[in-house]
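If you want the building blocks of each chain, they are given just below.
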Amino acid sequence: MIQGLLNLTVDALESRLIDNHFQPEELLYLRLFDCPSLVGTAPSGVSVNFPVLSVNRSKYSEPDELLNYRHPKYAQCGVAQFRVDAIPPPMVPSTGGKQVHWEVVHVPEADNYSHSEVQSFKEGKPVTGNTISSEIKKAFRQALAEKMTVVIACRLQ
Amino acid sequence: MNINVRVAAAGVGEIEHMSVQLTSRIPVDESMTQTSFSVTGGDASDWLSNITNTVESFRPLVAELDKIRLRIHTLETRPSETAFECVRSLLGRLQMLELTPNAVLVSAEGGLALTFEAASKYADLECFNNGEIVGVLSDRQGTIEPFAVSDSFEGITVAIRKVRAFLAS
């Protein structure tokens, strides 16, 4: 009885903490480790992680918060932003490969409530390993990067 | 062999069509073994000037590679020695074929990439830490063509020619 109540409380707490309501126009912020791109331009697709892309969301954070926590080296990184609806549409190789699609998911961390991830799904299941073709991976990274705008330039020397 | 990628409906909003063509293996060009510099004039001094200019245009890229080595401890995704070897190999071949990249970048996936830009067009050749090479061509208007690059003299030559032809088209 008591355990059941406890489980209910934990479930309620988790459902309150995780906010998977992303508006299409909400901005997502990506930390850039190596970016010669100027503010206002798009970064290269090689700046995009795959199959899971860690980002912060504008609903709960500002772009420069990506540079101000955890590790001093982050202070020298840059930041690019993109809208939720800029996430590329699903891709399916015509050779019979399985459809891959992407979704943004709120994944709060102890020291970063804003943390979210653009996750890859193959046939509806999350992908974490290297099981998606290099070409799909490359197309996704480039397509998303072209929808991004650098808002803080890197200062890595 | 060309692989057509069908892009299905977007998750939100109306259906989008993004033209993505995948090329898993690029046909071998019979002329790819020609490695001489192009000579724009009959004068020997022009030829020497071309070579000198080409070599000079690569100095910043080689310097950038050295800078990456120096700041590698600050990078979350560290390029492997295999990736450095791969980029050096690409740079050598690019120099021979007189195509100068705009930049050397550290890949978020681990590895290094050479990027190319001409007007609104973009291309890159990315060397992953395991030695795999993948390229991409984009007109930045929604047409993106990724392609696998064979890690061989011929494969790299064909890939460079593909990038050059795209940028010049």
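Quick summary incoming for the structure in this document. Predicted model only: the values in this text are computed from it and were never measured. (Residues numbered from 1 in each chain as written. Chains lettered and ligands numbered in written order. Predicted model: local features only at pLDDT ≥ 70, side-chain atom pairs only at ≥ 80, totals over all residues. Heavy atoms only, no water.)

1. Observations regarding the layout of surface pockets
Computed from the structure, the second largest pocket encloses a volume of approximately 370 Å³. Residue lining of the second largest pocket: 25 residues in total, with Arg31, Phe33, Asn49 and Ser54 of chain A together with Glu76 of chain B positioned closest to the centre. Mapped by element, the contributors of at least two residues to the lining of the second largest pocket are strand E1 (27-32) and strand E2 (52-57) of chain A. Ranked by the residues each element gives to the lining of the second largest pocket, the list is headed by E2 of chain A, at 5 residues. (1 Å grid on protein atoms, 1.4 Å probe; cavity = no way out; pocket = protein on both sides within 12 Å on 5 of 7 lines; lining within 4 Å. Points joined across faces, edges and corners; volume = space filled by probe spheres on them. Helix = DSSP H or I, 4+ residues; strand = E, 2+ residues; numbered from the N terminus.)

2. Observations concerning the pattern of salt bridges
Summed over the entire model, instances satisfying the criterion amount to 14 salt bridges over all chains. Lys138 of chain A is the partner of Asp124 of chain B in a salt bridge, and the nearest nitrogen-oxygen pair spans 2.6 Å. Here the residue Asp124 of chain B occupies a position in strand E5 (residues 121-128), and Lys138 of chain A occupies one in helix H2 (residues 134-145), the pair thus bridging two chains. Asp124 of chain B gets classed as buried once you look at its relative accessible area, which sits at 0%. Note that Glu126 of chain B and Lys138 of chain A form a salt bridge whose closest N and O atoms lie 2.5 Å from each other. A residue pair is termed interchain when its members come from two chains, as with Glu126 of chain B in strand E5 and Lys138 of chain A in helix H2. Across this residue pair, the class does not change: Glu126 of chain B and Lys138 of chain A are buried. (Salt bridge = Lys/Arg side-chain N within 4 Å of Asp/Glu carboxyl O. Buried < 20%, exposed > 50% of the residue type's maximum accessible area, 1.4 Å probe, protein only.)

3. Section: the pairing of E1 of chain A
Residue and element names in this part refer to chain A. Burial within E1 is extensive, with 5 of its 6 residues counted as buried. In this sheet, strand E3 (residues 78-83) lies alongside E1 in antiparallel orientation, the contact comprising 6 bridges. The residue of E3 that forms the bridge with Arg31 is Val79. Alignment of E1 against E2, held across 2 bridges, turns out to be antiparallel. The residue of E2 that forms the bridge with Tyr29 is Asn56. (Pairing = 2+ DSSP bridges.)

4. Considerations on helix H2 (residues 81-96) of chain B
Residue and element names in this part refer to chain B. Taking 1.5 Å as the rise per residue, H2 with 16 residues should run 22 Å; its terminal C-alpha atoms sit 23 Å apart, in good agreement. Those residues of H2 that sit buried are Ala83, Phe84, Cys86, Val87, Leu90, Leu91, Arg93 and Leu94. Looking one or two places after H2, you find Glu98, whose phi comes out positive at around 55°. (Expected span 1.5 Å × (residues − 1).)

5. Here we look at the nonpolar core
Membership of the largest hydrophobic core comes to 41 residues, with the highest contact counts inside it found for Leu94, Leu112, Phe116, Leu125 and Val163 of chain B. Counting only elements with at least two residues in this core, the list comes to helix H1 (44-70), H2, strand E3 (103-106), strand E4 (111-118), E5, strand E6 (133-138), strand E7 (143-149) and helix H3 (153-168) of chain B. When residues of this core are assigned to their parent elements, the largest contribution, 7 residues, is made by H2 of chain B. Not counting the four nearest positions on each side in its chain, Phe116 of chain B is found in contact with Leu94, Leu99, Thr100, Pro101, Asn102, Lys121, Tyr122, Ala123, Asp124, Leu125, Val163 and Leu167 of chain B. Of all hydrophobic cores here, the second largest spans 32 residues; its members include Val104, Val118, Phe140 and Cys154 of chain A. (Core = buried A, V, L, I, M, F, W, Y, C linked by side-chain atoms within 4.5 Å. Contact = heavy atoms within 4.5 Å.)

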